[in-house]
Amino acid sequence: MEQFSIADLGRIIRAYPQQEAHRESGAATDCFSGVSIDSRTVKPGDCFFAIKGEKFDGHDYVPATFAKGAVCAVISRAVGGEALADKCLLKVSDTVKALGDFAREYRRRADFKVVAITGSAGKTTTRQIAYHVLSRHFRVHQSPKSFNNNIGLPLTLLTADAQTEIVVAELGSNHPGEIAHLTRIALPNVAVVTNVHPAHLEGFGDLATIVKEKLSISEGLAPDGDLIINADFGDLVGACRAKGLHFVTFGKSGSADLRATNVICDGLTSRFTINGVEVRLPLPGAGNVENALAAWAICSQFGLKIEDFAESVRTLPAVSMRTELLHVGTLTVLNDCYNANPASMENALDILRNLDAGSERRRVFICGDMAELGQDAERLHTQLGASIAQAKVQLLIAVGRLAEVAAEAARRAADYDLQTKCFKDATSACDNLHEFMKDYDIVLVKGSRTTRLETAVEKLKQLFS
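Caption draft 1: How the structure looks around the side chain of Asn189. By the element assignment, Asn189 lies in the loop between helix 6 (178-186) and strand 11 (190-193). Here the side chain of Asn189 touches Val114 through a polar contact of 2.8 Å, landing on its backbone nitrogen. Sequence-distant contacts of Asn189, defined by excluding residues within four places in its chain, comprise Arg107, Phe112, Lys113, Val114, Leu221, Ala222, Gly225 and Asp226.

See the structure below:
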């Protein structure tokens, strides 16, 4: 980030010094040059925001941050005592809110443009495709990992430097009101809704509420900004029209402003045509075609031509734990275990089918629970079971109580010999994988973060690498 005045920070976050720092006027410590919320990564010249999390409280580590060279700390309770008597401590009522307030002002003062991406699925892959293409033409900064909440988004903005021209960020939500809050921090020039699916129903209740939540990204949009939505979701388009919003659409439907035709998914890759130009995508599945279309819609707003986009995506790297194809010894593993909802499960099963269109190898699905589906959880897992049978999965390893519901439904729906094994958690599943897995299996690994199925991928590497 650019160097920032401590005094200005205090005014922005409406802090008052717990102790006055004694320093010479004009000294370097009147400013800070970075922001951190993790005492382990603090660098000299940083401002440390002490945030209380589920396991750790940043306030307990304030003395350690000053020992590492931090020049000030933002706190919400007394810390340090006499040991910090000469340090600059800015006290606020809520350090997370203070971080967001500071990020909003930092973004206001910056010259860079902001692209903000939300949606029920595909946010990270869309972000990474857009970053990959735009960075060949501009100085682009993107979210590290999936920094898409009220802590991650501010950190994304605050880590952009003076040379940054475009910031590509994600906005996530599992309760109403979160996107509206985040978009007023990001103040995007381009706002994107990738899609709307039944996800996080525990917090939202129904699809109409999800549509409303995603479209609230427009509330922070710059007056001359562009709202981009998926034309293939009628509820989304209808809600935009009802609100009187101006928007640009992408998709496969005939009404899309930016339309893909001749879509073909060939196991390991995908391809489609836009304005007569073929785009070859080194990612599998229809879901990634949708993500690429959203990314193209973003890039087009910055003056890129479809030929530029098509050339750049040829070298796109895999996205970790998101339809990531791994060759583990003789196994082919589709590592899609970052998260899961009904739509992304269907997409992953479709990819599994395409990976073995000739049904020559055994299809294995290590399936975890889909979390946060509320009162619809069992019904949606039952539907998942039917889809598993349609995909002709031959070995289903279910991890979690709800995944077991899907396994029972799959057994009922299958008109072939479907083998199922059920485990309460990933640890017990991993302990038994050696009994079930065979050379040359094609393995889909997918579930919500709560099931931690990345451990199953690591176990497969141990067994077959």
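Caption draft 2: Geometry of the packing of helix 3 (residues 95-109) against helix 6. For the pair helix 3 and helix 6, interaxial distance at closest approach is 7 Å and the crossing angle is 40°. Taken together, the axis directions place helix 3 and helix 6 in an arrangement best described as oblique. Contacts between helix 3 and helix 6 pair Gly100, Ala103, Arg104 and Arg107 from the former with Arg184, Ile185 and Ala186 from the latter.

Caption draft 3: A look at the environment of Ile298. Following the sequence through the fold, Ile298 ends up in helix 10 (residues 286-300). Separated by 168 residues in sequence, Ile298 and Ala130 have C-alpha atoms that sit 6.9 Å apart. Contact partners of Ile298, with chain neighbours within four places excluded, come to Val115, Ile117, Thr126, Ala130, Leu134, Val192 and Ile228.

Caption draft 4: Broad picture of the pairing of strand 8 (residues 113-118). Buried residues dominate strand 8, accounting for 5 of its 6 residues. One ladder, built from 5 bridges, connects strand 8 with strand 10 (residues 166-170); its direction is parallel. Opposite Ala116, over in strand 10, you have Ala169 as the bridge partner. Pairing analysis gives 4 bridges linking strand 8 to strand 11, with the strands arranged parallel. Pairing of Ala116 across the sheet is with Ala191, part of strand 11.

Cut-offs applied
- Residues numbered from 1 in each chain as written.
- Predicted model: local features only at pLDDT ≥ 70, side-chain atom pairs only at ≥ 80, totals over all residues.
- Heavy atoms only, no water.
- Helix = DSSP H or I, 4+ residues; strand = E, 2+ residues; numbered from the N terminus.
- Polar contact = N/O pair within 3.5 Å; in protein donor to acceptor, adjacent residues only side chain to side chain.
- Contact = heavy atoms within 4.5 Å.
- Axes fitted to C-alpha atoms, helices over the stretch in contact; angles between N-to-C directions.
- Parallel < 35°, antiparallel > 145°, perpendicular 65-115°, else oblique.
- Buried < 20%, exposed > 50% of the residue type's maximum accessible area, 1.4 Å probe, protein only.
- Pairing = 2+ DSSP bridges.

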